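These are the residues of each chain, in order.
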Amino acid sequence: RTRLACLTSGGDSAGMNAAVRAVVKMAIARGCEAYVVREGWEGLVRGNQDATAHVETPATSPPLAGAPTAIDPETSKKKRGGFVATYGEGELLKEGEGEQTLRGRYIIRVGWDDVRGFAAIGGTLIGTARCAAFREIEGRRKAALNLVRHGIDALVVCGGDGSLTGADKLRAEWPEHMQALLENGDITQDQYDTYKHLNIVGLVGSIDNDMAGTDMTIGATTALHRICDAVDSISSTASSHSRAFVVEVMGRHCGWLALMAAIATGADYMFIPERPPTAEDWQTSMCNVLSRHRDEGKRKTIVIVAEGAHDCNLNPITPNDIKDVLTNRLGLDTRVTTLGHTQRGGNPVAYDRILATLQGAEAVEAVLSSNPSTPSPVIGIRENKITRRPLMEAVAQTQEVAKAIEAKDFTRALSLRDPEFED
Ligand code: F6P
């Protein structure tokens, strides 16, 4: 039977836990053995200390933080929908010794009840990391070896474009890894024959909503809510004191969070990487709009700046530059607020729980219906329908978007993200 593992990678996003829960439960319901890999690609590179030692593992690993409390094994032993899921099957939440048991172990068998309560919790309970080792071929080879050692033949990866690029690399190099591991004596001929094909599926978990070809990524809606809440709060002070605020939001090279937050909060002006203002006239055009709003009786001024609008070389206008213009040219009492990681955390909104659950279930179906000749898919959503498309294609297209933005070809960037885009 299929042994399916799930991992979360890159920056955490709200809804990742709901995705893990859906993958684990759907996998068990479909008769697979379910595993989670703790700490993202890092955990897969490190493997388990108690596995046959070819892979270097550290003496200790960070404990699993914030997991819900353990449950009674007896009461959890129930028949559900024609299959029996027992507490004993899983290892994630062993009563009283969870963290101890998990020390030095990253690849963990899980049961139905191990993921209970996950849907409502922010971040990722199985941990994530930005893994330097996985960027090197040696790291990916260790990861391949650990998968084979644990007999895992399918992997669902939930992460942003960087993490899915890593997944795509592992997939592309798989035959090479297997050949090298066989020649090195790390795996047997039997293992080579059994694990010749890596079955890998991507789920897009990122607050940035920057993946080409999908309408929404897991966590973006929650982050947008956090931003709107923060801007609403700031608006109280702005109105009371008749002040201006420059609010910087996340999104890396993508302006989706800034644009949607500006619409949802009725902001006065915004800066996004996809439409950088020209260096010559940005001050004048911004001041014209803002003074008109003031002339019409508005007591507050809100300017939203995507971090990518000033981080990239395209347009080095910083929030402090904007503040200086508002202060000096318009005479506004101005403050800068950087929302930072408050945008990324907290409980997922209903939409992210639902999106992650539907996509997690679809990921398992994609694993079970795949064969060596079908390309590894990434699960998306288009026009409210859950979709599958080749992972390789989605990753390549997302990299093309980044290149187009760098080349200031914004129409191309936007139409790569969304084929129906019209300038
Ligand atoms: O990709 C998600 C994101 O939150 C970006 O919006 C931001 O630029 C980056 O991650 C911050 O990364 P870190 O938490 O590693 O500083």
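The model shown is predicted, which means the values in this text are computed figures rather than measured ones.

Cut-offs applied
The numbering scheme is per chain: residues are counted from 1 as the chain's sequence reads. The model is predicted, so local features are restricted to residues of pLDDT at least 70 and side-chain atom pairs to those at 80 or more, both for listing and for counting; the totals for chains, interfaces and linings are taken over all residues. Each side-chain value is derived from all of the structure's non-hydrogen atoms; neither hydrogens nor water enter the calculation. We define a salt bridge as a contact between a side-chain nitrogen of Lys or Arg and a carboxyl oxygen of Asp or Glu at a distance within 4 Å. Helix and strand definitions here come from DSSP, where helices need a minimum of 4 consecutive H or I residues and strands a minimum of 2 consecutive E residues; each element is numbered from the N-terminal end. In this scheme, a residue with accessible area under 20% of its type's maximum is buried, one over 50% is exposed, and one in between is partly exposed, where area comes from a 1.4 Å probe on protein chains only. UniProt positions are given in the numbering used here, feature names are shortened, and annotations may be inferred rather than shown by experiment. When checking whether two residues touch, look at their non-hydrogen atoms; a contact exists if any pair is within 4.5 Å. At least two DSSP bridges between two strands are needed for those strands to be called paired. Note on geometry: axes are lines fitted to C-alpha atoms, helical ones only across the stretch in contact, with angles between N-to-C directions running from 0 to 180 degrees. Think of a polar contact as two N or O atoms within 3.5 Å of one another; within protein, one of them needs to be a possible hydrogen donor and the other a possible acceptor, and neighboring residues in sequence only count if both atoms come from side chains.

**Quick notes on the pattern of salt bridges**
Pairing of side chains with opposite charge becomes possible as their charged atoms draw close.
Thought 1: If you walk through the whole model with that rule in mind, you get 21 salt bridges.
Thought 2: Arg 1 is the salt-bridge partner of Glu 33, the closest N and O atoms lying 3.7 Å from each other. Of the two residues, Glu 33 sits in strand E2 (residues 33-37) while Arg 1 sits in the segment before strand E1 (3-8), which places them 32 residues apart along the sequence.
Thought 3: What makes Glu 33 buried here is its relative accessible area of 13%.
Thought 4: Across the pair Arg 252 and Asp 208 runs a salt bridge, and its minimum N-O distance is 3.9 Å. Here Arg 252, found in the loop between strand E8 (244-249) and helix H8 (256-265), pairs with Asp 208, found in the loop between strand E7 (199-204) and helix H7 (220-241); they are 44 residues apart in sequence, far enough to count as distant.
Thought 5: On the basis of relative accessibility, which here comes to 41%, the residue Arg 252 falls in the partly exposed class.
Thought 6: Here the salt bridges share partners, and the residues they tie into one network are Arg 1, Arg 3 and Glu 33.

**Digging into the UniProt feature "active site" (unreviewed entry) in the protein**
Thought 1: The feature "active site" (unreviewed entry), as annotated in UniProt, sits at Asp 208 in this numbering.
Thought 2: When neighbours within four sequence positions are excluded, Asp 208 is seen to be in contact with Gly 251, Arg 252, Cys 254 and Trp 256.

**Overview of the sheet that holds strand E9 (residues 269-271)**
Thought 1: Strand order in the open sheet made by the four strands is E9-E10-E8-E11, with parallel pairing throughout. Unpaired on one side and paired on the other, E9 and strand E11 (334-338) mark the two borders of the sheet. With direction set aside, neighbouring strand axes in the sheet form an average angle of 15°.
Thought 2: Note: E8 against E11, five bridges, orientation parallel. Residue Val 247 lies in a different strand from E11, and its bridge partner there is Thr 337.
Thought 3: Contacts from helix H9 (residues 282-295) reach E8, E9 and strand E10 (301-306) within the one sheet, and its direction differs from that of E9 by about 155°.

**Regarding the side chain of Glu 173**
Thought 1: Looking at where Glu 173 falls in the secondary structure, it is placed in helix H5 (residues 161-183).
Thought 2: Judged by relative accessible area, which is 12%, Glu 173 ranks as buried.
Thought 3: One polar contact links Glu 173 to Arg 140, side chain to side chain, over a distance of 2.7 Å.
Thought 4: Other than its neighbours up to four places away in sequence, Glu 173 contacts Ile 137 and Arg 140.

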